[in-house]
Structures are given as structure tokens and as C-alpha cells.
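# Residue-level structural notes
Here is what each chain is made of, one letter per residue.
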Amino acid sequence: MLKVSAPAIFRICLIALVTIHFFGVIGIASSYKELFLRTTPLVLLISTFFLFLNFSSLSKRLVILFFLCAAIGYLAEVTGVQTAYLFGSYYYGENLGFKVFGVPLTIAINWATLCIASASVMSQLKMPKMLQIILAAVIPVAIDMLIEPLCSQLDFWHWTSGEVPLFNYITWLAFSLLFCAVYLLSQSRLDNPFAKYYLLVQVIFFGVLNLLL
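Conventions and cut-offs
Residues numbered from 1 in each chain as written. Predicted model: local features only at pLDDT ≥ 70, side-chain atom pairs only at ≥ 80, totals over all residues. Heavy atoms only, no water. Helix = DSSP H or I, 4+ residues; strand = E, 2+ residues; numbered from the N terminus. Rg over C-alpha atoms; globule rule 2.2 N^0.38 Å. Buried < 20%, exposed > 50% of the residue type's maximum accessible area, 1.4 Å probe, protein only. Areas by Shrake-Rupley, 256 points an atom, 1.4 Å probe, with all protein chains shown as cover. Phe/Tyr/Trp six-rings, centres within 6.5 Å; stacked < 30°, edge-to-face > 60°. Core = buried A, V, L, I, M, F, W, Y, C linked by side-chain atoms within 4.5 Å. Contact = heavy atoms within 4.5 Å. Disulfide = S-S within 2.5 Å. Polar contact = N/O pair within 3.5 Å; in protein donor to acceptor, adjacent residues only side chain to side chain. Salt bridge = Lys/Arg side-chain N within 4 Å of Asp/Glu carboxyl O. Lys, Arg positive; Asp, Glu negative; His and termini not counted. Expected span 1.5 Å × (residues − 1).

Bringing the overall build of the protein into the picture now. Secondary structure summary: the protein contains 8 helices and 4 strands in total. A globule of 213 residues ought to have a C-alpha radius of gyration of about 17 Å, and the protein, at 17 Å, matches this closely. Its C-alpha atoms give the protein principal-axis dimensions of about 50 × 40 × 30 Å. Every one of the 213 residues in the protein was classed for burial, and the buried ones make up 47%. In the form shown here, the protein has an accessible surface area of approximately 10,900 Å², with 73% of it arising from carbon and sulfur atoms.

Here's what the structure looks like:
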């Protein structure tokens, strides 16, 4: 049976991730925009799969914590959509995939993935644990700030007022702090050489789209 080494898996995943997002930018900026946007849920799931393939030691505990964070994030989103509390008054469009109670299931996975990738990056830096948690939590919020100007154009989500409430970012930061704390205090190994590239690709992808759209 052919066994693929960890460095080979890393290279394959990185090339695939960059290629997918490169053509994604081209497609979204073209007349085939809607066709490419419909693939967003698949791209999110593939990206998460690539990230998990590259953990040096993937424990059962870490997987459980990931799905726990995803579940908490999903419940927060349902509360937000149904009540307009937590984040503000908004609703989800069609390009993030299948929805339950008005919330795409992929959004919960994406929240948990961004946070575990950020926690992994910060876990490699020699600094107090609390500082690792704070800095890790800032990264998903910064990426959200890149997405917000595009969210309506991409039919991801829509703010009923047409503007992003400040407390959306404050609440998002609070949940990010919780998730990153869960990951970083779990005693699970978070070594993942792919994590920083996963985050960098997200920043470049949405940064370029902000310039093009």
C-alpha cells in the first residue's frame, strides 16, 4: 500500500488550496460569478479537510472540541438570525449552502476552522497563554472585516440596515476568544504547518476580491 509522507501531503494540500482560490477569484470576477459562488460550501469543506490532514497529531479530544465549537457557533448564529441579538439584524443568502433555522451549516464549520487555525499558529509562538488566546481571536475578526464589504455582493449574508453594526465585531471577538481559549487550553497538540498558509490564503482571497468587485 502506497504511503504518502507528511511533507508530500502538505505540498499537495497547499498547491490545491492556492489553485482553488486562484481560479475562484478569476471566476467570481467573471461573468460566471454565480456558478463559482455556488461552489463556496464545497470549497469551505475542502479547505477544512486540508487543514485537518496536516495536524501533526490529531487527537480525538481535538476533533470533539472542534465540533463543540462549531455547535456553539451555530447556536449563536441561529440566535442572531432569529432574534437580531448578538450580532445585529441580518439574514443569510444562498451561496453558503444548506440552511437550518436560517443558518447555513457551513458557517459554523468555518467559524470553528478559522479559530483552530489561528490557535494553531499562535501556539507555536513563545508568549504567555493569555496573549496567545487574544492574538489568535483577533485573526478571525480581521478576516471577517475583509469579508463584510463583500457579503451582500457574494450573497453570503445581508444586513437589513445596510451597515455592519459595531457590536457584530465585538460579539464575534467574544466568541473567538472562547473558541481559541478552548483550543489553546485543551492540552491538545496544535502543531499544524498548514494553518498559517490556510489563513494567508483567506486574507489574500478576500483582499483581492475587495479590489476587484
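Following the structure, the description resumes.
Scanning the entire structure with this criterion turns up 20 aromatic pairs. Judged by centre distance (5.7 Å) and plane angle (45°), the ring pair of Trp111 and Phe175 falls under tilted. One end of the pair, Trp111, is in helix H5 (residues 105–123); the other, Phe175, is in helix H7 (residues 166–184), with 64 residues separating them in the sequence. Note on Trp111: relative accessible area 5%, which makes it buried. Taken together, the ring pairs in this structure connect Phe87, Tyr90, Tyr92, Trp111, Phe156, Trp157, Trp159, Trp172, Phe175 and Phe179 into an aromatic cluster.

Before going further, it helps to examine the nonpolar core. Of all hydrophobic cores here, the largest spans 66 residues; its most connected members are Phe156, Trp157, Tyr183 and Phe194. Sort the elements by how many residues they give to this core and H5 lands first, with 11 residues. Those residues in contact with Tyr183 that lie beyond four places of it in its chain are Leu62, Leu65, Phe66, Cys69, Ala112, Cys115, Ile116, Ala119 and Leu190.

With that settled, consider the state of the cysteines. Such a bond, covalent and formed between the sulfur atoms of two cysteines, is termed a disulfide. The full count for this structure, using the stated rule, is 0 disulfides. As a non-bridged cysteine, Cys151 has Cys115 as the owner of its nearest cysteine sulfur, 19 Å distant. With no disulfide of its own, Cys180 has Cys115 as its nearest cysteine by sulfur position, at a separation of 4.3 Å. Among the residues examined, Cys180 registers a relative accessible area of 0% and is labelled buried.

Here Ile143 lies in helix H6 (residues 129–147). Sequence separation of Ile143 and Phe175 is 32 residues, and the distance between their C-alpha atoms is 14 Å. Sequence-distant contacts of Ile143, defined by excluding residues within four places in its chain, comprise Leu114, Leu199, Gln202 and Val203.

Attention now moves to the environment of Gln82. Within the fold, Gln82 resides in helix H4 (residues 60–83). Taking the C-alpha atoms as reference points, Gln82 and Lys129, 47 residues apart in sequence, are found 35 Å from one another. Setting aside anything within four residues of it in sequence, one finds Gln82 in contact with Phe101 and Gly102. Engagement of the side chain of Gln82 in a polar contact is seen with the backbone oxygen of Phe101, the distance being 2.8 Å.

Now for the pattern of salt bridges. The full count for this structure, using the stated rule, is 2 salt bridges. Across the salt bridge formed by Lys99 and Glu94, the nearest N and O atoms sit 3.1 Å from each other. Owing to a relative accessible area of 42%, Glu94 belongs among the partly exposed residues under this scheme. Notably, a salt bridge pairs Arg189 with Asp191, separated by 2.7 Å at the nearest N-O pair. Under the relative-accessibility criterion, Arg189 is labelled partly exposed at 48%.

What follows deals with the side chain of Asp144. Looking at the secondary structure, you find Asp144 in helix H6. Although buried, Asp144 forms no salt bridge, and the nearest oppositely charged side chain, Lys99, lies 17 Å from it. In contact with Asp144, not counting residues within four places along its chain, are Trp157, Asn168, Tyr169 and Trp172.

To continue, consider H7. The terminal C-alpha atoms of H7 lie 27 Å apart, and with 19 residues this matches the ideal 27 Å at 1.5 Å per residue to within 8%. Among all positions of H7, only Asn168, Tyr169, Thr171, Trp172, Phe175, Ser176, Phe179, Cys180, Ala181, Tyr183 and Leu184 are buried. Where H7 is buried, its residues meet H4, H5, H6 and strand E4 (157–159).

Keep in mind these numbers describe shape, not what the thing actually does.
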